[in-house]
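Chain by chain, the residues:
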Amino acid sequence: MSAVGYVVGEVRTDEFTFVTNSEITPPRLEYVVLRDVQERVGDDVRRMDVLAQVTGLSVSSRLLNTGMSYSEVEAILARLRSAPPIIIGTATVLGYLDPHNIVRYPRGAAAPGAEVHKAEDALLERFFSKVESGMKIGSLINRPQVGVDCDPNGLRRHLAVI
């Protein structure tokens, strides 16, 4: 699967930004994955696929900025016919699955320039429905084909189903 963006700027363990373009921009709330992020486990360094969710998108232009007047913008657009937008996405890191299919939060961060890919349905199924015999509670908002299960043994006290 081809990349939908590239990580840019400062990368944190809980969030990153990426640049994309209008043809491949993942929508807000879509799930993306960073492949082969280094994670130190004891003395070993493993490479993990880190799942994240797009939490924001912004569009800007290097040519057109807020300090310009209407006539200045009009003159630039008349001469160039367009001003290519810069699309920046923000994604919140959700974690990765360890070899035992337990969700872990990464202690390391991806490097700028890392490819951002749309998460595959199979990874989302394993991430959100990692119980063997659970109750089906719904599906993901951007992926209705990906069901989400809940482990009834994890419910200890009060529960209301509305």
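The preceding data block contains the structure.
In this text, all values refer to a predicted model and were calculated from it rather than measured experimentally.

In total, this model carries one cavity of 30 Å³ or more according to the counting rule given. What the largest cavity holds in volume is close to 70 Å³. Looking at the largest cavity, the residues that line it are Val-11, Arg-12, Thr-13, Phe-16, Leu-34, Val-37, Val-50, Val-93, Pro-106, Gly-108, Ala-109 and Ala-110. Across the lining of the largest cavity, the residue classes break down as nine nonpolar, two polar and one charged.

Mapped onto the fold, Gly-108 is located in the loop between strand 6 (103-104) and strand 7 (115-118). Taking the C-alpha atoms as reference points, Gly-108 and Asn-65, 43 residues apart in sequence, are found 36 Å from one another. In contact with Gly-108, other than residues within four places in its own chain, are Thr-13, Val-37, Gln-38 and Glu-39.

What follows is about the packing of aromatic side chains. In the structure shown here, the tally under the stated rule is three aromatic pairs. Ring geometry for Phe-127 and Phe-128: centres 5.2 Å apart, planes at 70 degrees, overall edge-to-face. Accessibility expressed as a relative area gives 9% for Phe-127, which makes it buried. Phe-128 sits in the partly exposed class, given a relative accessible area of 22%. Through pairs of rings, three or more aromatic residues link up here, namely Tyr-31, Phe-127 and Phe-128.

Criteria and cut-off values
Residues numbered from 1 in each chain as written. Predicted model: local features only at pLDDT ≥ 70, side-chain atom pairs only at ≥ 80, totals over all residues. Heavy atoms only, no water. 1 Å grid on protein atoms, 1.4 Å probe; cavity = no way out; pocket = protein on both sides within 12 Å on 5 of 7 lines; lining within 4 Å. Points joined across faces, edges and corners; volume = space filled by probe spheres on them. Nonpolar A, V, L, I, M, F, W, Y, C, P; charged D, E, K, R; others polar. Helix = DSSP H or I, 4+ residues; strand = E, 2+ residues; numbered from the N terminus. Contact = heavy atoms within 4.5 Å. Phe/Tyr/Trp six-rings, centres within 6.5 Å; stacked < 30°, edge-to-face > 60°. Buried < 20%, exposed > 50% of the residue type's maximum accessible area, 1.4 Å probe, protein only.

Honestly, it's all geometry; don't read function into it.
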